[in-house]
Each structure stands twice: as structure tokens, then as C-alpha cells.
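Chain by chain, the residues run as shown.
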Amino acid sequence: MLIITNNPMFKNYTGRYEVEFQDMDYIGILKKTRDYLHLGYELLTHPLYGSVKPYETIYRTIVIQKANTISFTSIELIEEAIETATKFYKINKNIKWTNEILEDFQVVDKDLIDNTLARM
């Protein structure tokens, strides 16, 4: 499995999964994931997981895995997520979050993924 993230809490991840940290925004993570899907990966986590809306955080972590064929379902999900996030991104693009809030966003994102991975 491959974890694609912009969450700094995954930089030193020492779990059993490969982590690709990208210094990019939320939508950039979605687009990077889409690139992998076109190379034959499939989504293991929904790109808009949890109750965290695209305008409520700047961090996104997605888990994918290599598939035997192109997953058109995964591609459709990621395209819809990009469209949704782009629409909502306009709401928060000028918000300046405090360091404490950014850390909270990181913890929520990592906790959601850690709990998901524990169930896989």
C-alpha cells in the first residue's frame, strides 16, 4: 500500500506502508493520487473520507494500492473529489490558520488514516 499525503505527521512514518509526502495543497494531493490511479493503482480510502470537508482543513492523506487493471471506479471517485474540493477551496483559500489549528488538522487527518489502516 502507498500513502500519499501532505500531512507532515507522516514524514517520519515507520509503519508497514510506503509514504509519499508531497509539499502541496489539498487539491494537489487529489491530483497526485489521480496520476497514480491512471498508472494502475486503486483507492483504498475515499478521497473525501470522514466528516472533514475540503474547506475545513488543508491536509489530505489517501491510501492506494497497485491493482491488476485500471480502476474506473477509483478514477471516477477522485475526479468527483477534485471537482468538489475545487468548489469548496474558494471558501478557505484566504484563511490564515494558526499553528495550533494546523496541528489539530494534522492530528485529525493522521488519526483517521491510522484507524482505517488498523482495520485493513
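We now turn to the structure provided with this report. Source: prediction; values computed, not measured.

## A few points about the nonpolar core
The nonpolar side chains of a soluble globular protein tend to be buried, and buried together. With 17 residues, the main nonpolar core has Leu30, Leu37, Ile62 and Ile64 as its most contacted residues. At the level of secondary structure, the elements contributing two or more residues to this core comprise strand S1 (2-5), helix H1 (26-38), strand S3 (41-43), strand S4 (61-66) and helix H2 (72-92). In terms of residue count, H1 provides more of this core than any other element does, six residues in total.

## Focus: the environment of Thr84
Locating Thr84 in the fold gives a position in helix H2. Remark: the alpha-carbon pair of Thr84 and Ile27, spanning 57 residues in sequence, is separated by 9.7 Å.

## Here we look at the sheet that holds S3
In sheet architecture, strand pairing relies on hydrogen bonds along the backbone and comes in two forms, parallel and antiparallel. Taken in spatial order, the four strands make up an open sheet running S2-S1-S4-S3, and their pairing is mixed. Each having just a single partner strand, strand S2 (18-21) and S3 make up the two edges of the open sheet. Going across the sheet, the axis of each strand differs from the next one's by a mean of 30 degrees, ignoring polarity. Sheet topology note: the S1/S2 ladder contains four bridges and is parallel. By the bridge assignment for S2, Ile4 is matched with Glu20. This element, helix H3 (residues 99-118), spans S1 and S4 of the sheet and lies at about 35 degrees to S4.

## Some points on the packing of aromatic side chains
One pass over the structure, following the stated rule, counts three aromatic pairs. Measuring from ring centre to ring centre gives 5.7 Å for Phe10 and Tyr13, while their planes differ by 45 degrees; the resulting arrangement is tilted. Considering the side-chain rings of Trp97 and Phe105, the 4.9 Å spacing of their centres and the 80 degrees angle between planes classify their relative orientation as edge-to-face. Taking relative accessible area as the criterion, Trp97 reaches 25% and is therefore assigned partly exposed. Over the aromatic face of Tyr49 sits the side chain of Arg60, whose NZ or CZ is 3.9 Å from the ring centroid. Looking at Lys110, its charged tip hangs above the ring of Phe10, at a distance of 5.1 Å from the centre.

## Let's talk about H3
In this model, H3 (20 residues) spans 28 Å end to end at C-alpha, consistent with the 28 Å of a helix rising 1.5 Å per residue. Restricting attention to buried positions, one finds in H3 the residues Leu102, Phe105, Gln106, Asp109, Lys110, Ile113 and Leu117. Down the axis of H3, the buried set is contained in an arc of 120 degrees. They therefore lie on one face. Exposed side chains of H3 directed beyond 90 degrees from the buried face belong to Glu100 and Ala118. Residues of H3 that are buried sit in contact with S1 and S4.

## Things to note about the pattern of salt bridges
If you walk through the whole model with that rule in mind, you get three salt bridges. Glu20 is the partner of Lys32 in a salt bridge, and the nearest nitrogen-oxygen pair spans 3.8 Å. Linking Lys32 in helix H1 with Glu20 in strand S2, this pair joins segments that are twelve residues apart in sequence. On the accessibility criterion, Glu20 (15% relative accessible area) is buried. The closest approach of N and O atoms between Glu79 and Arg34, which form a salt bridge, is 3.6 Å. Here Glu79 is found in helix H2, whereas its partner Arg34 is found in helix H1, with 45 residues between them in sequence. A relative accessible area of 32% means that Glu79 is categorised as partly exposed.

Cut-offs and rules
Residues numbered from 1 in each chain as written. Predicted model: local features only at pLDDT ≥ 70, side-chain atom pairs only at ≥ 80, totals over all residues. Heavy atoms only, no water. Core = buried A, V, L, I, M, F, W, Y, C linked by side-chain atoms within 4.5 Å. Buried < 20%, exposed > 50% of the residue type's maximum accessible area, 1.4 Å probe, protein only. Helix = DSSP H or I, 4+ residues; strand = E, 2+ residues; numbered from the N terminus. Pairing = 2+ DSSP bridges. Axes fitted to C-alpha atoms, helices over the stretch in contact; angles between N-to-C directions. Contact = heavy atoms within 4.5 Å. Phe/Tyr/Trp six-rings, centres within 6.5 Å; stacked < 30°, edge-to-face > 60°. Lys NZ or Arg CZ within 6 Å of the ring centre and 35° of its normal. Expected span 1.5 Å × (residues − 1). Arc of directions from axis to C-beta. Salt bridge = Lys/Arg side-chain N within 4 Å of Asp/Glu carboxyl O.

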